[in-house]
Each structure stands twice: as C-alpha cells, then as structure tokens.
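Fold and contact review
Here is what each chain is made of, one letter per residue.
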Amino acid sequence: MAEGPVVLGIETSCDETGVGVVRGGTVIADVVASSMDQHAPFGGVVPEVASRAHVEALPAALERARFEADLDWSEIDAIAVTAGPGLKGALLVGTAAARGMAIALGKPLYAVNHLAAHVLVDGVEHGELPSPTVALLVSGGHTELILVDDRACQLTPLGSTLDDAVGEAFDKVARLLGLPFPGGPSIDAAAREGDPDSIAFPRGMTNSRRSADGRFDFSFSGLKTAVARWVQRQEQQGGPVRVADAAASFQEAAVDVLVSKALAACREFGAGSLVVGGGVAANSRLRQTLADRAEPAGIEVRIPRPGLCTDNGTMVAWLGHRLVAAGVEPSGLEFPTRSQLPVSEIVLRSP
Ligand code: KG4
Ligand code: ZN
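Residues numbered from 1 in each chain as written. Chains lettered and ligands numbered in written order. Predicted model: local features only at pLDDT ≥ 70, side-chain atom pairs only at ≥ 80, totals over all residues. Heavy atoms only, no water.

This paragraph deals with the coordination of the zinc ion (ligand 2). Note on metal geometry: ideal angles are 109.5 degrees for four donors arranged tetrahedrally and 90 or 180 degrees for six donors arranged octahedrally. Note on the zinc ion (ligand 2): its protein donors are His114 (NE2), His118 (NE2), His142 (NE2) and Asp311 (OD). The metal-donor distances range over 2.1 to 2.5 Å. One can describe the donor arrangement at the zinc ion (ligand 2) as irregular, given that its four donor atoms subtend angles of 86 to 168° at the metal. The sequence pattern describing where the donors of the zinc ion (ligand 2) fall on their chain is H-x3-H-x23-H-x168-D. With His114 in helix α4 (residues 114-120) and Asp311 in the loop between α11 (306-309) and α12 (314-325), the pair connects residues that are 197 residues apart, well separated along the chain. Of the residues examined, His114 reaches a relative accessible area of 0% and is grouped as buried. For Asp311, a relative accessible area of 10% translates into the label buried. (Donors = N, O, S within 2.8 Å, 3.2 Å for Na, K, Ca; no water. Tetrahedral: all angles 85-135°; square planar, octahedral: opposite > 155°, others 65-115°. Helix = DSSP H or I, 4+ residues; strand = E, 2+ residues; numbered from the N terminus. Buried < 20%, exposed > 50% of the residue type's maximum accessible area, 1.4 Å probe, protein only.)

Rendered as structure tokens:
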C-alpha cells in the first residue's frame, strides 16, 4: 500500500463535482458527478443550476470517495479545495464543505488554484514535468498558455483568450450547425466526415505583424462569427448546409491556432515538453496535429488520461499533496473565493 500523507481534494468550480483522495503519490479515490445534462437544454453552463447541483451531489460524492479510498475521514492529513478561478456560487459550495470538514476534523486546509491543479496533475501518471515545460489549458472555461517550473512549483501565465474559451467556441459553433451540446465531441465526430480545407475560416491573432505583446493570447469570437456568416450565406442560397465540412474547417482553424501558439511558446522559452489539459484535450484533431507537428520539432507532448483532463477532484488532491510535501503553510479558514485568479497564485490565504 502507498505511504505518505493522505490528502482529500474537492473541486466545484464549474459543472463537475469532483472528489479525489491521494495517498503519497497515489490516487486512492477519484469520483466525479457532472451536471452537464441539466445544462444541455440551455446550450451552456447555467451558474445557478451548477451551484444547486453541487449542493445535491457533493455529500454522495464525498461518501463514495471515502468508500473507494477505504478510510475514515479522521485518517486524512489535509484537505485541498478549489478556491478559483470559476463560477462564484459553485466555488462557494465546495469551499464551504471543505471549511466545515477542516473545522470538524481539525485538519489543515489548502485553498488552491484550479488552473494550477489542471497543469500539475500530469505528474500523477507521468512523473515530474521537465523544466521548463509549456502548458496548454483548453476547456469550456479556459484557453491558457503557461510556463511551468514543476520542481519550484512556479507557474507563469504567457497568454489567454481575450474573448471566448476554445471549448466555448466549439459549443457555440455546434449550436450554429444544429449539433448537440456539448459541442466539442459533436464537432469532433461530425468533422470526421468533412473536408478540413473546404472553407477558409480565420486564424485569430496569428498575424505576424502584430506586436510581441499578445502573441500568446487567443481570440475565438471572430472564428465563431465567421462560421455564423457562412451558415447564413448557405441558408440564403437555399442549398443544404454542409455541416461536416463546416465542422471540420472550424475545428482545423481552432486547432491550428492552438498548436501554432503552443509550439511558438515552446521555442521561445526553450521548453522540450508541452503538457495539455482541459476537456478540449480530448479532441482527436488536436491530438493528431500535436503528434504531426510537435514530435518532429523535438517537443514531447504529455496529455493526462481523459478523466484527469476534464475537471476532477484528484487534480486538487494532487496539488494539495504537493503543497503538503513542500511544507507550504495551509490557507487558514478565512481565504476568499475568486472567480478570476491568475495561475501564478497557487494558494489563496486568509488576510
Ligand atoms: O474541462 P471541461 O470538462 O470543463 C470545463 O469547461 O472546465 O471542458 C469542457 C469543454 C466543453 O466546451 C466541451 O465542448 C469541450 O470541453 N470538449 C471538446 C471535446 N470534448 C470535450 N472539445 C473539442 N473536442 C472534443 N472531443
Ligand atoms: Zn477546468
């Protein structure tokens, strides 16, 4: 059996209620309940619905994790909880539960950064990230490029989206094309039947004449608008909308931008590895393009298993375990929750 401190992790920043338990470097429980189905009729995550779903799902998820880990809560050494970034009400559900458990059990509490947890969780499966590594975080809520020094547990933001997150763009474009929510998997599937070169959609913020500032930032709203205009034109012309071609061409444009910028960041900062996280990391075209373009450039691509890419409690427990092992002071009980939080702020503290 694995040795070392036992850390409970709680994640409620968006629509997944995640509870994980790590003992030493080993995952001993990993439970996720998703409220995705409840958001589907609205075509996107509804904050109030997400908060209520966390309240309903968290007690059972905790109990299930305790059962999987085969321990009593008195046996844990620390609790870690996502305190930001994320939906305010959703964050409050997880942090309130974590505070209550920390008080009842008399255990130290770490209020941690969701983005940092996404980036560092790759260590669970693949060991420490070489320094420096570039991280590409792509989901319904984030599109971020981050420079990672894993050993020092230091994360530096390089750029992020100025408007829609890339997963959000997949969801909105799927809606325009009449494909079901969540849009990522439906576009991925529809695109397999289409021609990715059939429609020239724009590659946002890749213009080489741009100033150095912002070259690692992203913009996906122009791409979404271009798809909307294209659909409109097809409808006006009275012909059938070529959904598969549009899905494939949209996906190609989005993936091209993500991969080009991630590889440019690797080159600029001398990183020999790229770690990818977030729900969009499941995208088959993104994976293929990374294999085609990163590996020949001598850049190793590391992608955690799908359950660790999407929101989960294990990544929070893992980050908590890292902080405990590094002797980092816990957060206390008065820490804030933050809907916006830079990736460099790994632990939130009481004032
Ligand atoms: O990480 P995640 O589960 O939740 C957060 O948004 O934090 O990511 C969900 C996002 C959704 O926007 C979904 O459409 C997208 O990930 N997604 C995909 C794929 N699978 C999920 N996007 C593109 N291709 C996929 N295969
Ligand atoms: Zn996330």
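Its place among the elements puts Val19 in strand β2 (residues 16-23). A relative accessible area of 0% means that Val19 is categorised as buried. A C-alpha to C-alpha distance of 6.2 Å links Val19 and Leu62, two positions 43 residues apart in sequence. Discounting chain neighbours no more than four positions away, the residues touching Val19 are Leu8, Gly9, Ala29, Asp30, Val31, Leu58, Ala61, Leu62, Ala65 and Gly313. (Contact = heavy atoms within 4.5 Å.)

Mapped onto the secondary structure, Thr161 falls in the loop between β8 (154-160) and α6 (166-176). Take Thr161: its relative accessible area is 18%, and that puts it in the buried class. Within the structure, Thr161 has its side chain in polar contact with the backbone nitrogen of Asp163 (distance 3.2 Å). Contact partners of Thr161, with chain neighbours within four places excluded, come to Thr143, Phe218, Ser219 and Phe220. (Polar contact = N/O pair within 3.5 Å; in protein donor to acceptor, adjacent residues only side chain to side chain.)

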